[in-house]
Amino acid sequence: MKFTKMHGAGNDYVYVNCFEETLPEDIASLAVAVSDRHKGIGSDGLILICPSEKADARMRMFNADGSESEMCGNGVRCVAKYVYDHGIAKQQTLKIETGAGVLHLDLELAGSRVSQVRVNMGKPILNSAEIPTLLPGDPPVDAELELGDQSLKVTCVSMGNPHCITFVDELNDHWVHGVGPKVEVHPMFPNRVNAEFIEVVSPAELKMRVWERGSGETQACGTGACASAVAGVLTGRSERNVLIHLPGGDLRLEWADSDEVFMTGPAVEVYQGVWTGP
Ligand SMILES: N[C@@H](CCC[C@H](N)C(=O)O)C(=O)O
């Protein structure tokens, strides 16, 4: 199976061109195997670039534990880069079908190849039943989440996939590795949840770390950055236009008056290879 390794702000996936490759039926097991950082290729998960009847391509995204997610913000930018750089589509504005609908993307080139992508990520979902969460409020804003030994104030937003955002005084490993895994599987989130931790630098600048559903800590999460930008506005902590610093790089977010969230960030191809096992 031919594959391409790509990342967006350090959030790295194995990408397979399903216009050309045929995959085994059990994609979940393939995702677990390729993602393994010791015995596989090593990645935060697996992304399939497939033909679409509605758009230039369709993205399917699997976390490192094999679970399929509706959306991946860093992934969709890399899919757009792949589709353009590898000649599947030739225009600088693309449509990509995802589990959260068809998204529109604008490509910025460096020479003949894509370097940055601006994505219209659509409108955030703020209805608790659709996020989904059992916490009260549409959406829950600074709502109490009981964790046994402590209680957090969380804000929940879906960008097609679910996010639970906690604003903290100082980002550290305790939040990401101690609290993140407990939030991910908390009974208030029937589909599990991605847990973002945010330190406010200023109303225009946030620092974020994430514990992702199905993959653990990653260096960036695009949908998580969108959800956090929305949560910053909903809680009065930040402006509608923010720069978010993540361990793997920066993302620019805008929650526009149209209610749509726009994300701009890098997309990088690292290498191509052939998967021969197991
Ligand atoms: N890293 C991604 C999100 C990947 C999916 C997520 N772990 C989930 O299960 O919803 C991003 O950039 O958005």
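All values derive from a computational prediction rather than experimental measurement.

Some words on the overall build of the protein
So, step 1. Summing up its helical and strand segments, the protein has four helices and 18 strands in all.
So, step 2. With respect to the principal axes defined by its C-alpha atoms, the protein has extents near 50 × 40 × 30 Å.
So, step 3. For the protein, the proportion of its 278 residues judged to be buried stands at 48%.
So, step 4. Excluding contacts between residues fewer than 6 apart, the proportion of contacts in the protein whose partners are at least 24 apart in sequence is 62%.

Looking at the UniProt feature "binding site: substrate" (unreviewed entry) in the protein
So, step 1. When the UniProt feature table is mapped onto this chain numbering, "binding site: substrate" (unreviewed entry) sits at Asn11, Asn63, Gly73, Asn74, Asn161, Asn194, Glu212, Arg213, Gly222 and Thr223.
So, step 2. Locating Asn161 in the fold gives a position in the loop between β10 (151-158) and β11 (162-167).
So, step 3. A residue is classified by how many C-beta atoms lie within 10 Å of it, and Asn161, with 26 of them, is buried.
So, step 4. Filtering out sequence-adjacent residues up to four positions away, Asn161 remains in contact with Ser69, Glu70, Met71, Asn194 and Thr223.
So, step 5. Among the secondary structure elements, Gly222 is positioned in helix α4 (residues 222-234).
So, step 6. Not counting residues within four places of it along the chain, the set of residues in contact with Gly222 comprises Gly8, Cys72, Gly73, Asn74, Leu251, Met263 and Gly265.

Notes on the site of the ligand
So, step 1. The ligand sits among 17 residues. The nearest are Ser69, Asn74, Asn161, Gly222 and Thr223.
So, step 2. Sorting the residues of the shell around the ligand by element identifies α2 (73-85) and α4 as the ones contributing at least two each.
So, step 3. Residue contributions to the shell around the ligand peak at three residues, all from α2.
So, step 4. In the shell around the ligand, the residues fall into two nonpolar, 13 polar and two charged.
So, step 5. Counting the residues that make up the shell around the ligand, at least three belong to each of domain 1 (2-120 + 265-274) and domain 2 (143-259).

Considering the UniProt feature "active site" (unreviewed entry) in the protein
So, step 1. The feature "active site" (unreviewed entry), as annotated in UniProt, sits at Cys72 and Cys221 in this numbering. The greatest C-alpha distance among the annotated residues, which extend across 150 residues, is 7.6 Å, indicating that they converge on a single site.
So, step 2. With respect to the secondary-structure elements, Cys72 resides in the loop between β5 (68-69) and α2.
So, step 3. In contact with Cys72, other than residues within four places in its own chain, are Ile47, Met61, Gly222 and Thr223.
So, step 4. Within the secondary structure, Cys221 is located in the loop between β14 (216-218) and α4.

Examining the domain arrangement of the protein
So, step 1. We note that the domain assignment places domain 1 (2-120 + 265-274) and domain 2 (143-259) within the protein.
So, step 2. Placing a centre on the C-alpha atoms of domain 1 and another on those of domain 2 gives a separation of 23 Å.
So, step 3. In this complex, domain 1 contributes 21 residues to the contact, which on the side of domain 2 involves 21 residues.
So, step 4. Its residues assigned to classes, the side of domain 1 that touches domain 2 comprises six nonpolar, twelve polar and three charged.

Points about the nonpolar core
So, step 1. Judged by nonpolar contacts, the single largest core of 82 residues is most densely connected at Val79 and Ala80.
So, step 2. Shared between two domains, this core takes at least three residues from each, and those domains are domain 1 (2-120 + 265-274) and domain 2 (143-259).

Quick look at the confidence of the model for the protein
So, step 1. With 100% of its residues at a pLDDT of 70 or more, the protein shows a mean pLDDT of 97.
So, step 2. The ipTM for the predicted assembly is 0.99, set against a pTM of 0.98.

Some thoughts on the environment of Gly66
So, step 1. Here Gly66 lies in the loop between β4 (57-63) and β5.
So, step 2. Along the backbone, Gly66 and Leu46 are 20 residues apart, and their C-alpha atoms lie at a distance of 8.4 Å.
So, step 3. In contact with Gly66, not counting residues within four places along its chain, are Ala28, Ser29, Ala31 and Val32.

Considering the pairing of β4
So, step 1. Counting buried positions along β4 gives seven out of seven residues, so the element sits mostly inside the fold.
So, step 2. Burial along β4 is two-sided: the face carrying Ala57, Met59, Met61 and Asn63 and the face carrying Arg58, Arg60 and Phe62 are both buried.
So, step 3. When strand β3 (residues 45-50) meets β4, the two strands line up antiparallel, connected through six bridges. Residue pairing across strands places Gly45 opposite Asn63, the latter belonging to β4.
So, step 4. In sequence, β3 turns back onto β4 through a hairpin of six residues.
So, step 5. Relative to strand β6 (residues 93-98), β4 runs parallel, the two being bridged by two bridges.

Quick notes on the environment of Val141
So, step 1. The residue Val141 is located in the loop between β8 (113-120) and β9 (143-146) in this model.
So, step 2. When the 18 C-beta atoms within 10 Å are taken as the criterion, Val141 is described as partly exposed.
So, step 3. Each C-alpha atom, one on Val141 and one on Gly178, is 22 Å from the other, the two residues being 37 residues apart in sequence.
So, step 4. Those residues in contact with Val141 that lie beyond four places of it in its chain are Thr155, Leu234 and Thr235.

Conventions we followed
- By convention here, each chain's residues receive numbers from 1 onward along its written sequence.
- Where local features are concerned, this predicted model is filtered to residues with pLDDT of at least 70; where side-chain atom pairs are given and counted, the filter is 80 or more; whole-chain, interface and lining totals use all residues.
- Going along the chain from the N terminus, every DSSP run of H or I of four or more residues is numbered as a helix, and every run of E of two or more is numbered as a strand.
- For every residue, the other C-beta atoms within 10 Å of its own C-beta are counted; 20 or more classify it as buried, 12 or fewer as exposed, and values in between as partly exposed. C-beta atoms are placed from the backbone.
- Any residue pair is listed as a contact if its two C-beta atoms, each placed from the backbone, are within 7 Å.
- UniProt positions are given in the numbering used here, feature names are shortened, and annotations may be inferred rather than shown by experiment.
- In this text, near has one meaning. A residue is near a molecule or strand if its C-beta atom, placed using the backbone, is within 6 Å of it.
- When residue character is reported, Ala, Val, Leu, Ile, Met, Phe, Trp, Tyr, Cys and Pro are called nonpolar, Asp, Glu, Lys and Arg charged, and the others, Gly included, polar.
- Residue ranges assigned to each domain were obtained from an automatic or database domain assignment.
- For this entry, the nonpolar core is defined as buried Ala, Val, Leu, Ile, Met, Phe, Trp, Tyr and Cys residues connected by C-beta atoms within 7 Å.
- Note: pLDDT gives the predictor's confidence per residue, expressed from 0 to 100.
- Pairing between strands requires that DSSP locate at least two bridges from one strand to the other.

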